[in-house]
Amino acid sequence: MRRSLLFIPGNNPAMLQNADVFESDAIIIDLEDAVSVSEKDSARNLVGYYLKSALENDLEKVIRINGLDTKYGLADLKAVVSDKIDTIMLPKANVEDVKRLGEILAGLEKERGMKKKIGIIPIIELASSVLETEKIAKQNRISGMLLGAEDLTTDLGIERTKTGSEILFPRFQVIYACAANKIDAIDTPFTDTKDEIGLSADCKIAAELGMNAKTCIHPNQVETVNKYFSPSQKLIDWSLRVMEAQKKAEGNGLGVFSLDGKMVDKPIIDRAKKVLAKAAKFKITWEKK
């Protein structure tokens, strides 16, 4: 369960050092696009040192490795896989690479006597990946899928716009595949770090479509993303009322009941429980009325 995931370049020691103060639910330490070829080795070493000294906390640590089809991907995994990280993010994902990554992780976990099972977040950023979302989402270790709209629109040869009409179909593909497999649907970042209005509009659309979380490319985006992907007070109040009404209905031997003139049954109750669980997870306080 996530709301915000902040990209941090793997070759930026200052941001790594302050990773736990940005208030995102996860950090994505980037060894791929953010790091030039000439700096791959030094960035990998820097991230390794950071992980050895990183404090234990609730911040999810995700490492975006280079693709397994490059000479850097396996080296990235050997350098970073330990109980100090939680998740590997795989670029330009496809079913076969996800399976291969799972096998590599299993081998490293056994070899290093790890207690933790590392999760995988595949990035859906190729047209072929969009068509494989359902199969990818079912693979072992997958805890979420990220839509990568910049590379996807490049692959499609179309313009990437702020309105996002060109990514409506892949957004839905990711959302439905993730919902069906009970994992996080993570939205593509909004790349204009100075456009607060545009970011808010993009978050609103993504959340309304069914995305559970969104990536950020700058710390100043985290607060807005957390706002739009947290349950609103109105939704929390409604959920509390549903649960209170259910308690009374159960006392009267009723499985289905009415609230505000609308029938409430198991799917509605389950939705209310999810809202309250997310509010509790992110320590969103509320008052019973």
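Details of the structure are given in the entry above.
Residues numbered from 1 in each chain as written. Predicted model: local features only at pLDDT ≥ 70, side-chain atom pairs only at ≥ 80, totals over all residues. Heavy atoms only, no water.

Visitor: What should I look at first to understand the layout of surface pockets in this one?
Guide: Here the idea is plain: a probe the size of a water molecule rolls over the atoms and shows the empty space left. For the largest pocket, the calculated volume is near 960 Å³. Along the walls of the largest pocket sit 30 residues, with G210, M211, N212, K274 and K278 positioned nearest its centre. When residues of the lining of the largest pocket are traced back to their parent elements, those giving at least two are α8 (168–180), β7 (184–187), α9 (196–209) and α12 (266–281). Here the lining of the largest pocket takes seven residues from α12, the largest share from any one element. Approximately 440 Å³ is the volume found for the second largest pocket. The wall of the second largest pocket is formed by 14 residues, among which D25, D58, L59, K281 and F282 lie closest to the centre. Across the lining of the second largest pocket, the residue classes tally to four nonpolar, one polar and nine charged. (1 Å grid on protein atoms, 1.4 Å probe; cavity = no way out; pocket = protein on both sides within 12 Å on 5 of 7 lines; lining within 4 Å. Points joined across faces, edges and corners; volume = space filled by probe spheres on them. Helix = DSSP H or I, 4+ residues; strand = E, 2+ residues; numbered from the N terminus. Nonpolar A, V, L, I, M, F, W, Y, C, P; charged D, E, K, R; others polar.)

Visitor: I tried to follow the pattern of salt bridges on my own but got confused; where do I start?
Guide: Counted under the stated rule, the structure contains 23 salt bridges. D195 serves as the salt-bridge partner of K162, at 2.8 Å between the closest nitrogen and oxygen. Note that K162 is positioned in the loop between α7 (149–156) and α8 and D195 in the loop between β7 and α9, a separation of 33 residues in sequence. The residue R171 makes a salt bridge to D187 at a minimum N-O spacing of 2.8 Å. Placement of the pair is R171 in helix α8 and D187 in strand β7, with a sequence separation of 16 residues. Considered together, R171 and D187 belong to a single accessibility category, that of buried residues. Bridged by salt links that share partners, the residues D30, E32, D33 and R64 form one connected network. (Salt bridge = Lys/Arg side-chain N within 4 Å of Asp/Glu carboxyl O. Buried < 20%, exposed > 50% of the residue type's maximum accessible area, 1.4 Å probe, protein only.)

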